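# Topology and contacts: notes
Listed below, chain by chain, are the residues.
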2 protein chains.
Amino acid sequence: MTISFAQRLDHVETSAIRELFKLLGKPGIISFAGGFPDSALFDVAGIRAAVNAALDAEPGAALQYGATEGYGPLREQLAAFMATKGARDVAPEQLIVTTGSQQALDLIGKTLISPGDKVIVEGPTFLATIQCFRLYGAELISAPIDRDGVQTDALERLIEQHRPKFVYLIPTFGNPSGATLSAERRRAVLEMAVRHDTLIVEDDPYGELYFDAPPPPSLLALSAEVPGSRERLVHCGSLSKVLSPGLRVGWMIAPPELLAKATMCKQFSDAHTSTFAQATAAHYLASGAMPQTLARVRQVYAERAHAMTEALQLELGAALAFVPPRGGLFVWARLTGAGGALADGDEFARRAIERGVAFVPGAPFYASQPDRATLRLSFATVGVDRIVEGVQRLRLALLG
Amino acid sequence: MTISFAQRLDHVETSAIRELFKLLGKPGIISFAGGFPDSALFDVAGIRAAVNAALDAEPGAALQYGATEGYGPLREQLAAFMATKGARDVAPEQLIVTTGSQQALDLIGKTLISPGDKVIVEGPTFLATIQCFRLYGAELISAPIDRDGVQTDALERLIEQHRPKFVYLIPTFGNPSGATLSAERRRAVLEMAVRHDTLIVEDDPYGELYFDAPPPPSLLALSAEVPGSRERLVHCGSLSKVLSPGLRVGWMIAPPELLAKATMCKQFSDAHTSTFAQATAAHYLASGAMPQTLARVRQVYAERAHAMTEALQLELGAALAFVPPRGGLFVWARLTGAGGALADGDEFARRAIERGVAFVPGAPFYASQPDRATLRLSFATVGVDRIVEGVQRLRLALLG
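As named in an unreviewed UniProt entry, chain A is DNA-binding transcriptional MocR family regulator, taken from Tibeticola sediminis. What UniProt states about chain A under its Subunit (unreviewed entry) heading is, verbatim, "Homodimer."

What follows covers the domain arrangement of chain A. Residue and element names in this part refer to chain A. If you check the domain split of chain A, you get domain 1 (7-42 + 292-399) and domain 2 (60-289). One C-alpha centre belongs to domain 1, the other to domain 2, and the line joining them spans 25 Å. Listed by partner, the interface residues are 33 residues for domain 1 and 34 residues for domain 2. Here domain 1 meets domain 2 over a buried area of about 3000 Å², counting both sides, of which 63% is carbon and sulfur.

Right, let's talk about the relation of the copies chain B and chain A for a bit. Take chain B, turn it by 180 degrees, move it 0.0 Å along the axis, and it overlays chain A with an RMSD of 0.0 Å. Look at the turn and shift together and you get a two-fold axis relating the two. Mapped onto chain A, 99% of the interface residues of chain B again fall at the interface, so both copies present the same surface.

For the rest of this paragraph, the subject is unusual backbone geometry. Omega for the bond connecting Gly123(B) with Pro124(B) falls within 30 degrees of zero, at 10 degrees, which places this linkage in the cis form. Tracing the backbone shows Pro124(B) in the loop between strand 3 (118-123) and helix 6 (127-135). Across the junction of Asn175(B) and Pro176(B), the peptide omega takes the value 10 degrees, indicating a cis bond. Positionally, Pro176(B) belongs in the loop between strand 6 (166-169) and helix 8 (183-195). Phi at Gln369(A) takes a positive value of approximately 45 degrees, unusual for a residue other than glycine. For Arg163(B), which is not glycine, the phi dihedral falls at a positive 45 degrees. If you trace the backbone, Arg163(B) turns up in the loop between helix 7 (152-162) and strand 6.

The positions UniProt marks with the feature "domain: Aminotransferase class I/classII large" (unreviewed entry) are residues 48-393 of chain A. Taken end to end, residues 48-393 of chain A is 44% helix and 17% strand, and its two terminal C-alpha atoms sit 39 Å from one another.

This brings us to the environment of Pro164(A). Residue and element names in this part refer to chain A. By the secondary structure assignment, Pro 164 is in the loop between helix 7 (152-162) and strand 6 (166-169). The spacing of Pro 164 and Val 119 is 45 residues in sequence and 5.0 Å in space, taken between C-alpha atoms. Ignoring sequence-local partners within four residues, the contact set of Pro 164 consists of Lys 118, Val 119, Ile 120, Ile 159 and Thr 198.

Here we take up the packing of aromatic side chains. All chains considered together, the criterion is met by 17 aromatic pairs over all chains. On the numbers, 6.2 Å between centres and 45 degrees between planes, the contact of Trp332(A) with Tyr366(A) is tilted. Of this pair, Trp332(A) sits in strand 11 (residues 330-335) while Tyr366(A) is found in the loop between strand 13 (360-361) and strand 14 (374-378), placing the two residues 34 residues apart along the sequence. With 5.8 Å between their ring centres and 90 degrees between their planes, Phe133(B) and Tyr168(B) make a pair best called edge-to-face. On the criterion of sequence distance, the pair formed by Phe133(B) in helix 6 and Tyr168(B) in strand 6 is long-range, its members being 35 residues apart. Here the two residues Phe133(B) and Tyr168(B) agree in accessibility, since each one is buried. The rings of Phe133(A), Phe166(A) and Tyr168(A) are connected pair by pair, giving a single aromatic cluster.

The subject of this paragraph is the packing of helix 10 (residues 256-269) of chain A against helix 5 (residues 100-112) of chain B. Look at helix 10 of chain A against helix 5 of chain B: their axes get within 7 Å of each other, and the N-to-C directions meet at 100 degrees. When the axes of helix 10 of chain A and helix 5 of chain B are compared, the pair comes out roughly perpendicular. Contact residues: Gln267(A), Phe268(A) and Ser269(A) in helix 10 of chain A; Gln102(B), Gln103(B) and Asp106(B) in helix 5 of chain B. Classifying every residue of the contact of helix 10 of chain A with helix 5 of chain B by side-chain character gives one nonpolar, four polar and one charged.

So, on to the sheet that holds strand 10 (residues 320-322) of chain A. Residue and element names in this part refer to chain A. One open sheet holds the four strands; their spatial order is 10-11-14-13, and the pairing between them is antiparallel. Lying at the two open borders of the sheet, with one neighbouring strand each, are strand 10 and strand 13. Two elements, strand 10 and strand 11, share three bridges in a ladder whose sense is antiparallel. Bridge pairing links Phe 322 to Ala 333 in strand 11.

Another point: the pattern of salt bridges. Residues and elements named next belong to chain B. Evaluation of the coordinates by the stated rule reveals 36 salt bridges over all chains. Linking Asp 197 and Arg 232 is a salt bridge whose minimum nitrogen-to-oxygen distance equals 2.7 Å. Residue Asp 197 is found in the loop between helix 8 and strand 7 (199-203), and its partner Arg 232 is found in the loop between helix 9 (219-222) and strand 8 (233-238); the two are separated by 35 residues along the sequence. On the basis of relative accessibility, which here comes to 38%, the residue Asp 197 falls in the partly exposed class.

The rules behind each value
Residues numbered from 1 in each chain as written. Chains lettered and ligands numbered in written order. Predicted model: local features only at pLDDT ≥ 70, side-chain atom pairs only at ≥ 80, totals over all residues. Heavy atoms only, no water. UniProt positions renumbered as here; feature names shortened; annotations may be inferred. Domains from an automatic or database assignment. Contact = heavy atoms within 4.5 Å. Buried area = accessible area lost by both parts, 1.4 Å probe. Least-squares fit on C-alpha atoms with pLDDT ≥ 70 in both. Helix = DSSP H or I, 4+ residues; strand = E, 2+ residues; numbered from the N terminus. Phe/Tyr/Trp six-rings, centres within 6.5 Å; stacked < 30°, edge-to-face > 60°. Buried < 20%, exposed > 50% of the residue type's maximum accessible area, 1.4 Å probe, protein only. Axes fitted to C-alpha atoms, helices over the stretch in contact; angles between N-to-C directions. Parallel < 35°, antiparallel > 145°, perpendicular 65-115°, else oblique. Nonpolar A, V, L, I, M, F, W, Y, C, P; charged D, E, K, R; others polar. Pairing = 2+ DSSP bridges. Salt bridge = Lys/Arg side-chain N within 4 Å of Asp/Glu carboxyl O.

Written out as structure tokens, the structure is:
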């Protein structure tokens with residue numbers, strides 16, 4: 001039979017990146033293409049202890065249906081975790097647990113976006129956010145970024161011009177940009193939220209992955225200093241990048257009315273997030289192991305980031321421009337075309353695969369007006385020696 | 001700020017049942033209101049062994065991001081599980097893993113329903129299905145049921161009249177009806193799917209919970225005998241009622257084109273189902289423990305169902321009409337008003353709570369034209385003695 005699909009599917013397509021990922025099975029390839037943490041860094045022993053403790057202490061709760069809002073002890077632990085990150089006034093009932101922060105994005109879309117509504121995102125931004133919001137019929141507007149994150153003057157003009165349903169930002173170690181919004185701009189974003197009565201969505205999966213010094217406080221933490229901003233702010237967090245993506249534990253902090261609607265939508269999306277995973281995460285956080293885990297992953301990713309940026313400067317020189325990241329998983333770079341070198345990310349990606357190294361070209365990360373000279377390189381899952389070798393292969397692909 | 005929500009939220013409301021559930025905390029209450037399995041029957045030792053085996057054998061895979069379609073070894077185990085249920089030709093790549101079967105319903109809605117599309121459901125049907133499909137803008141049409149499930153003559157007339165996007169059925173031990181579609185009607189449903197080129201969604205969370213004899217083969221199993229029906233059939237399964245709801249592991253079998261679109265939508269809904277839960281479920285199924293687990297829960301639920309139906313007949317007699325279920329978790333009953341007794345389910349529920357016993361009135365389970373004399377009683381989570389006591393309280397509430 002010919003199935004007639006919903007109109008909303010007309011707005012999205014299977015990602016070009018998925019096609020690229022099919023090539024990654026090639027033997028011997030060095031991949032800078034992933035967007036995930038290194039599984040070798042997972043605290044398997046700690047998670048094993050946590051799940052066994054959960055099954056000892058509360059097997060019924062860990063294996064039974066649970067509240068849509070999330071498992072009570074986990075909500076308490078996550079509120080306490082937010083306090084360690086500078087947001088000291090988040091009560092457990094002000095957050096709901098989501099099935100990864102991807103589900104928080106889905107619930108934001110489902111709850112807020114009517115077809116034709118405008119949403120402002122960074123250009124570039126997280127690919128799955130673009131597709132997720134488009135599925136609900138959003139028209140996306142891109143706000144330009146630089147090394148200090150979204151350009152707030154331009155953002156304010158776009159807010160005035162488009163009156164968006166909300167603004168979506170990844171202010172800290174952005175994906176794909178690696179950029180971090182400066183403290184001054186953070187304050188400016190909160191102030192313009194109040195001034196224009198605009199909702200801001202802060203997606204913060206990477207904030208804990210800093211290398212040398214902590215980033216500026218999150219918009220959520222700063223909102224305590226900007227009257228009226230908290231009621232216009234949604235904050236999404238996740239254990240995926242710092243503990244384990246496989247647990248699928250994220251959370252969402254939002255004004256009460258929005259949180260209630262998101263909870264209702266979640267009820268019909270997946271009833272609740274796995275209590276098995278939630279109870280495990282709750283016991284893990286309660287065990288006090290998280291600070292050590294964070295310290296370890298920060299150190300490893302810092303070493304790898306340093307190795308990658310050093311090798312890129314050495315091998316590719318003026319052909320590639322980038323700002324060394326201060327945290328997160330990504331180097332975002334731009335082919336300059338210097339000396340007549342290639343300046344097209346797609347073509348470079350194809351040539352790189354032939355040389356045995358993979359990355360993601362940058363164009364798909366733009367909701368509009370893609371910069372085709374850009375590319376995203378992840379250093380997170382590759383050891384230092386292989387990073388150096390991979391960058392040498394990039395040089396061969398680009399400069400011969 | 002005043003948040004302006006998406007138009008799709010205009011179609012749904014927080015369920016009346018959730019309000020009722022708030023009363024269940026009352027001390028000493030006997031609850032027949034739940035829709036969940038008894039956590040005392042969970043195979044905690046088996047699940048503990050499975051998660052530890054998963055963390056031994058493949059910690060990286062169990063804790064890392066995974067394919068949106070599902071974890072390969074689990075898809076294989078689920079295909080093998082379907083074979084034990086009579087669907088012998090399901091290849092692992094013909095199913096995707098979902099975050100409970102609630103997510104399968106959500107993906108069906110997201111993938112297929114445009115605002116204004118018509119969908120036929122049973123009257124009564126699963127409450128969260130009604131709300132889930134309405135969120136996507138579906139107009140729901142109710143097809144009448146009797147003790148043998150949906151009335152196929154009436155269903156065919158409704159299909160001809162409304163040309164629905166699809167027909168949603170719970171053919172086996174339905175929620176809330178407890179009814180099971182007869183073998184002849186199953187064949188008739190598949191034949192009319194072909195005749196009218198109509199998609200059928202078979203939701204089958206309860207099929208394994210039979211008391212004396214297995215139910216007729218699922219629509220999926222029967223589709224092998226009705227040429228052209230398989231390509232018009234979606235089948236949703238779940239481990240929630242037979243193993244553990246807390247794992248949130250369901251699955252969806254569908255024609256390839258629909259499965260591909262559902263996978264794309266799932267990518268932006270929650271990326272993938274918890275690999276931690278999926279690897280645990282895969283190891284559990286591979287351990288061979290499932291047949292014994294099923295035998296145990298079948299026996300306990302059969303005893304409780306028998307105790308409830310016997311007590312209802314003894315205590316409430318002609319005031320309550322029902323068909324004893326042959327499986328599942330529910331007795332669906334109708335107040336007859338005999339001897340001038342109350343015939344309103346809502347009012348009966350209120351009086352019952354005062355007497356210390358809870359159930360769910362039937363009206364909310366109808367997408368249209370509710371029968372207000374109906375009610376749903378679950379025997380699943382209450383021991384035999386308390387069932388008898390609870391039914392005595394029902395008598396006091398109804399007959400004084």
